[in-house]
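Given next are the chains, with one letter for each unit.
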Amino acid sequence: MRDLFTGNFGIDPLTGQSILSEIRFYLPNTLELVLFSFVILVIVGIVLGYFAGMHFSTFGDSIARVIYLVSWSTPMYLAAIVAILAFATYIPVFPSGGMYSLSISPPQPVTGIFLIDALIELNMPAFLSGLQHLILPALALAFVNFGLISRAVRSSILNVRWSTHVKTARAKGLTESEVRRKHILRNALIDATSLSAVIFGWVLTSTLVVEELFAWPGLGQFAYQAIFSNDYPVLIPIVVVFTLGVIVANFVADVAYSLLDPRIGIGGHNGAVT
Amino acid sequence: MAQSLKFRQLVLSNRLSSLGLVIVIVSVCLASAFAIFGGRITPYSPYALNLQDSNLPPSFAHLFGTDFQGRDVFSRVIAALPIDLGLPIAIVLFSSVMGIFLGMAAGYLGGVVDEIIMRITDLFLAFPTIIMVLAVAATLGAGLVNAMLAFVFVWWPPYVRLVRGGVLEVVAEDYIAISKALNSSFSHIIFKGILPNILPSVMTYATLDIGTALLEVSILGFLGIGIPPNTPELGVMVGSISYGLYTYPWQALFPAFVTMLLVVGFSFLGEGAREASDVKVRPYILFKGRAFRKATEITEQQLTNR
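Conventions adopted
Residues numbered from 1 in each chain as written. Chains lettered and ligands numbered in written order. Predicted model: local features only at pLDDT ≥ 70, side-chain atom pairs only at ≥ 80, totals over all residues. Heavy atoms only, no water. Salt bridge = Lys/Arg side-chain N within 4 Å of Asp/Glu carboxyl O. Helix = DSSP H or I, 4+ residues; strand = E, 2+ residues; numbered from the N terminus. Buried < 20%, exposed > 50% of the residue type's maximum accessible area, 1.4 Å probe, protein only. Contact = heavy atoms within 4.5 Å. Buried area = accessible area lost by both parts, 1.4 Å probe. Nonpolar A, V, L, I, M, F, W, Y, C, P; charged D, E, K, R; others polar. Core = buried A, V, L, I, M, F, W, Y, C linked by side-chain atoms within 4.5 Å. Polar contact = N/O pair within 3.5 Å; in protein donor to acceptor, adjacent residues only side chain to side chain. Phe/Tyr/Trp six-rings, centres within 6.5 Å; stacked < 30°, edge-to-face > 60°.

*Asks:* Whenever I open this one, the pattern of salt bridges confuses me. Can you help?
*Replies:* Side chains carrying opposite charge are able to pair once their charged atoms draw close together. Residue and element names in this part refer to chain B. On inspection of all chains with the given rule, the structure shows 11 salt bridges over all chains. Note that Arg-119 is salt-bridged to Glu-115, the shortest N-O span being 2.6 Å. Note that Arg-119 and Glu-115 are positioned in helix 4 (residues 111-126) at a spacing of four residues, about one turn of the helix. Residue classification places Arg-119 among the partly exposed positions, given a relative accessible area of 45%. Salt bridges sharing common partners tie together Glu-115, Arg-119, Asp-122 and Arg-161.

Structure below.
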């Protein structure tokens, strides 16, 4: 048990390296991919959900709903395969796999996250190459996972749009854009925040498929290899790391929640109402 | 009776859920037809090897082409339906039964029972689903029953939470208090008072959840863990081709698109049903939005004009 908290996970029986050092190598790559696609999916999800909610029961709403339901029903491997076939094979604009081209010199690992290291060294070719390799897997991840956010934003907008406090805000004489920004969108964002922790967990676990298909040297691929070769000493620490990721995401969401929602205070004594 | 009629109306009044219903019914019919008649309803045998016809592109003879062992992909997709529908439905069924039992116990009995059940549920909720499923499935070894067990093992916690929340809401209602005052039996309160009120929300959630379970089952197959290789399963069919992807894309694309179509069916149906059972949005759907929108637009306009 002490070893678990000090990070001493033991030795990988397959490679003979310490598991902690392996995780430290793979984790930043996964974080780079996950965070990048998470930002994309949150923005796209909120914009689409807001659009659908504000155009409720019109043609635009139906289209937006179909888009997010279909995206949410897409298997991860389908999104990745279509992305590879469309943008790496038939229209070769992006590379189909890996983290950077072999022709460039990778930056010294400082944070371990490739793009940030390249920026620190001001190594523009490496940065651009890294970005180019990042876009396809990140978009595939974002496409599959943004649906739930859109749905939550849409339904919370529907809940709040005709409620009395929005009517009051209008009656007070606020302009329409102020009402939308401060009273409707803000309420929707609260729901989206609490959900985004769940989504983060999904994105984290979706890397299992994406990293395998895009040959991205991350934790997902590492986990896949560990499961496939029945390498339990490696698998257990990986499950711990993934679970920790989900818990940290939940914590961040809770903090963001209390910042967005004035009714919820941290500690419960600073004027918290409910 | 009247309740169910209304619900049916609500589902059918919604184009989205009607479309979902059609997809679900067609696929379930195909699946049960294959389960009953086997290879007789597919154009080719989904299992027999035919190496001289391997890797044929899609044509009228082979609608979805053939795979690397010469088996017709279309036939294999149909053969995959019973597994790809049966497994998620079984998972969701077992999980919801478990959720109803544990959730009702936690919500109705309260106290120590509630505390114990909910802390265990929280513990299970903290684990990332698919990773846990993979780990359990890898431990149990390949096999459809094992895969299902691995799924049920991690799939039930949301149901417990859903049911417990519903029970807490219902128990606070006056009619339960009156029922208790009238000295109704325990089972009467549980089965007549509480269960009918929480079942609709469980069912709408379960419908959506079948789609999610289907996705995860096919991902399990795609990764080649838990589900035996060479099983006609959509994910296995996609995963077995990842090296020939550039030369024979149809072998992966068609099963993958069929997976998406199935999940879309359940999502549309579940989403429509969810919105139909949502009290706040129900009036808009019943009037197809128009009457209500008109009413609200008028007030909004009046307020903005002033």
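Structure's up, so let's keep going.
*Asks:* Help me understand the interface of chain B and chain A, please; the structure alone is not making it clear to me.
*Replies:* Between chain B and chain A, the contact holds 47 residues from the first and 46 residues from the second. Across the interface of chain B and chain A, roughly 4,300 Å² is buried in total on both sides, 73% from carbon and sulfur atoms. Counting across the chain B and chain A interface gives two salt bridges. Taken together, the elements giving at least two residues each to the side of chain B that touches chain A come down to helix 5 (129-140), helix 9 (186-223), helix 10 (234-239), helix 11 (250-277) and helix 13 (290-305) of chain B. Here the side of chain B that touches chain A is composed, by residue class, of 31 nonpolar, nine polar and seven charged.

*Asks:* Is there a simple way to think about the nonpolar core in this case?
*Replies:* In terms of nonpolar packing, the biggest core is built from 153 residues, with A:Leu41, A:Tyr77, B:Met104, B:Ile194 and B:Leu223 touching the most fellow members. Looking at which element gives the most residues to this core, the answer is helix 9 of chain B, with 17 residues. Apart from the residues within four sequence positions on either side, A:Leu41 is in contact with A:Ala142, A:Asn145, A:Phe146, A:Ile149, A:Ile199 and A:Val203.

*Asks:* Please clarify how the side chain of B:Asp209 should be interpreted in this entry.
*Replies:* All names here are of chain B. For Asp-209, the position within the fold is in helix 9. At 2.7 Å, the side chain of Asp-209 and the side chain of Tyr-159 are in polar contact. Ignoring any residue separated from it by four or fewer positions in sequence, one finds Asp-209 in contact with Val-92, Trp-155 and Tyr-159.

*Asks:* For this particular structure, what's the right way to read the packing of aromatic side chains?
*Replies:* How two aromatic rings sit relative to each other is given by the distance of their centres and the angle of their planes. Residues and elements named next belong to chain A. One pass over the structure, following the stated rule, counts 14 aromatic pairs over all chains. Measuring from centroid to centroid gives 6.3 Å for Phe-143 and Phe-146, while their planes differ by 65°, and the two rings are edge-to-face. Taking relative accessible area as the criterion, Phe-143 reaches 36% and is therefore assigned partly exposed. Relative accessible area serves as the criterion here: at 5%, Phe-146 is assigned to the buried category.

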